[in-house]
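# Summary of the model geometry
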Amino acid sequence: MTVTELDFRPNAPPGPLALANAALFLDLDGTLAPIAALPQDVAPDPRRTAILENLMGRLEGRLAVVSGRTLADIDRILEGRVPAVAAVHGLVLRGADGAVTQTEPHPALPQAVAALRLFAADHPGMLVEDKLLSATLHYRGDPEHGQAARAEAERVAALTGLAVQPGDMVMELRTPGPTKGDSVEAFLALAPFNGATPIFLGDDLTDEDGFAAARRLGGFGVLVGPARPTAAQLRLDDVAAALAWLEAAR
Ligand SMILES: O=P(O)(O)OC[C@H]1O[C@H](O[C@H]2O[C@H](CO)[C@@H](O)[C@H](O)[C@H]2O)[C@H](O)[C@@H](O)[C@@H]1O
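Reference entry: report on the structure contained in this document.

Reading the values: the criteria
Residues numbered from 1 in each chain as written. Predicted model: local features only at pLDDT ≥ 70, side-chain atom pairs only at ≥ 80, totals over all residues. Helix = DSSP H or I, 4+ residues; strand = E, 2+ residues; numbered from the N terminus. Rg over C-alpha atoms; globule rule 2.2 N^0.38 Å. Buried ≥ 20, exposed ≤ 12 C-beta atoms within 10 Å, placed from the backbone. Contact = placed C-beta atoms within 7 Å. Core = buried A, V, L, I, M, F, W, Y, C linked by C-beta atoms within 7 Å. Near = placed C-beta within 6 Å. Nonpolar A, V, L, I, M, F, W, Y, C, P; charged D, E, K, R; others polar. Domains from an automatic or database assignment. Axes fitted to C-alpha atoms, helices over the stretch in contact; angles between N-to-C directions. Left-handed = near helix turned anticlockwise from the far one by under 90°. Expected span 1.5 Å × (residues − 1). Arc of directions from axis to C-beta. Pairing = 2+ DSSP bridges. Right-handed = clockwise from strand over helix to strand, strands pointing away.

### Some thoughts on the overall build of the protein
When its secondary structure is counted, the protein shows seven helices and twelve strands. A compact globule built from 250 residues should have a C-alpha radius of gyration of about 18 Å, and the protein, at 17 Å, falls within 12% of that. Taking the principal axes of its C-alpha atoms as reference, the protein extends roughly 50 × 40 × 35 Å. Going through the 250 residues of the protein one by one, you find that 44% of them count as buried. Pairs at least 24 residues apart make up 58% of the contacts formed inside the protein by residues separated by at least 6 positions.

### Looking at the nonpolar core
With 48 residues, the main nonpolar core has Phe25, Ala64, Val65, Val85, Val184 and Ile199 as its most contacted residues. By size, the runner-up hydrophobic cluster in this structure holds 19 residues, among which are Ala115, Leu116, Leu162 and Val170.

### Side note on the site of the ligand
Among the 24 residues in the neighbourhood of the ligand, the closest are listed as Leu28, Asp29, Pro39, Ser67 and Gly68. Counting only elements with at least two residues in the shell around the ligand, the list comes to strand E7 (134-138) and strand E9 (170-174). Its residues assigned to classes, the shell around the ligand comprises nine nonpolar, seven polar and eight charged. Residue-level mapping places the shell around the ligand at the junction of two domains, with at least three residues from each of domain 1 (22-103 + 177-247) and domain 2 (109-174).

### Looking at the packing of helix H1 (residues 46-58) against helix H7 (residues 239-247)
It is the contact of H1 with H7, at a shortest axis distance of 10 Å, that shows an interaxial angle of 35°. In the packing of H1 onto H7, the handedness of the crossing is left-handed. On H7, the residues that touch Arg48, Ile51 and Leu55 of H1 are Leu243, Leu246 and Glu247. In terms of residue class, the contact of H1 with H7 is made up of four nonpolar, no polar and two charged.

### Examining helix H4 (residues 146-160)
Under the 1.5 Å per step criterion, the end-to-end length of H4 is 21 Å for 15 residues, consistent within 8% with the ideal 21 Å. Buried within H4 are the following residues: Ala149, Glu152, Ala153 and Val156. Burial along H4 is one-sided: seen end-on, the buried residues are contained in an arc of 100°. Structural note: H4 exposes Gln147, Arg155 and Ala158 on the side pointing more than 90 degrees away from its buried face. Those residues of H4 that are buried are in contact with helix H3 (109-121), E7, strand E8 (163-167) and E9. Among the residues trailing H4, Gly161 stands out with phi positive, at a value near 85°.

### Thoughts on the pairing of strand E2 (residues 63-66)
In E2, alternate side chains face the same way, and those of Leu63 and Val65 on one face and Ala64 and Val66 on the other are all buried. Pairing between strand E1 (residues 22-26) and E2: three bridges, direction parallel. If you follow Leu24 over to E2, its bridge partner there is Leu63. Of the crossover connections in this fold, the one passing from E1 over H1 to the parallel E2 is right-handed. As paired elements, E2 and strand E3 (residues 85-87) share two bridges and run parallel to each other. Considered in E3, the bridge of Val66 is made with Ala86.

### Quick notes on the sheet that holds strand E6 (residues 127-130)
If you trace the four strands from one edge of the open sheet to the other, you get E6-E7-E9-E8, paired in antiparallel fashion. Each edge of the sheet is formed by a strand with only one pairing partner; in this case those strands are E6 and E8. Strand-to-strand twist across the sheet, computed as the mean angle between neighbouring axes with direction ignored, equals 20°. In terms of strand pairing, E7 meets E9 through five bridges, oriented antiparallel. By the bridge assignment for E9, His138 is matched with Val170. Strand contacts of H4: E7, E8 and E9, with the helix running at about 5° to E9, the strand carrying the most contacts.

### Details of unusual backbone geometry
Trans is the common state for peptide bonds, and a negative phi is the common state for residues other than glycine. Each neighbour pair has its own omega, and for Ala191 with Pro192 the value is 0°, a cis peptide bond. Secondary-structure assignment places Pro192 in the loop between helix H5 (180-188) and strand E10 (197-202). The phi torsion at Asn21 lies on the positive side, around 65°, for a residue other than glycine. In this structure, Asn21 sits in the segment before E1. Not every positive phi belongs to a glycine, and Glu79 is a case in point at roughly 55°. Among the residues examined, Glu79 registers 14 C-beta atoms within 10 Å and is labelled partly exposed.

Next comes the structure, spelled out in structure tokens:
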């Protein structure tokens with residue numbers, strides 16, 4: 001989504017997290033896990049896993065991780081402990097009962113991966129992640145060529161019909177389809193989430209759809225990171241503050 005003139009820069013931290021009737025929707029990178037140089041550098045963390053397990057029990061399952069990563073990668077990092085997951089920005093949905101639904105991959109993805117790999121071969125430090133439903137060009141390792149990476153992703157998107165999803169030092173070409181916001185809506189129509197008040201925590205542009213959905217559905221968003229224009233109403237400084245807030249839930 002685009003950030004509109006209705007959005008503002010939240011600075012207030014949320015009050016203590018009250019779990020009664022809440023449903024938690026949690027982004028992974030930049031929210032539950034600090035940003036690392038490479039995607040594969042993000043490893044399981046016993047404290048994070050314990051916090052999630054504790055919350056899931058107390059929320060009777062009303063907790064979902066909503067991430068741009070693949071399902072397999074989310075399960076690797078969270079040690080397979082979170083059943084309800086939206087992966088690849090909402091293109092894959094696994095319900096609390098373990099049932100998985102996913103959008104059909106766009107036929108031009110192999111072409112897009114090949115084009116991005118050709119570009120990355122000329123830019124040491126860049127990395128292409130093939131997520132089957134989306135192709136991701138990472139330029140954290142070569143930030144001075146970020147503008148060229150963004151332009152190349154736009155060029156390949158125009159050629160293939162893939163949708164552009166900009167992110168934190170990343171340009172993603174995704175199969176057009178459901179967003180993180182749509183996944184919040186889908187979860188809330190299912191047990192055990194139905195009737196609960198959604199709270200969405202996230203840090204990146206792709207989380208804006210989640211913030212907007214939470215707000216539309218009677219809840220709120222919490223931006224994790226520095227203040228910026230956003231659809232979230234509240235803000236926590238960083239991953240450490242987000243984990244501490246979750247850990248102190250009542
Ligand atoms: O929706 P998220 O859970 O925030 O996932 C978004 C992307 O996260 C990963 O990339 C980001 O984190 C990496 C590790 O910290 C970092 O190196 C990279 O620069 C960030 O963009 C993941 O690799 C992507 O596939 C996700 O879309």
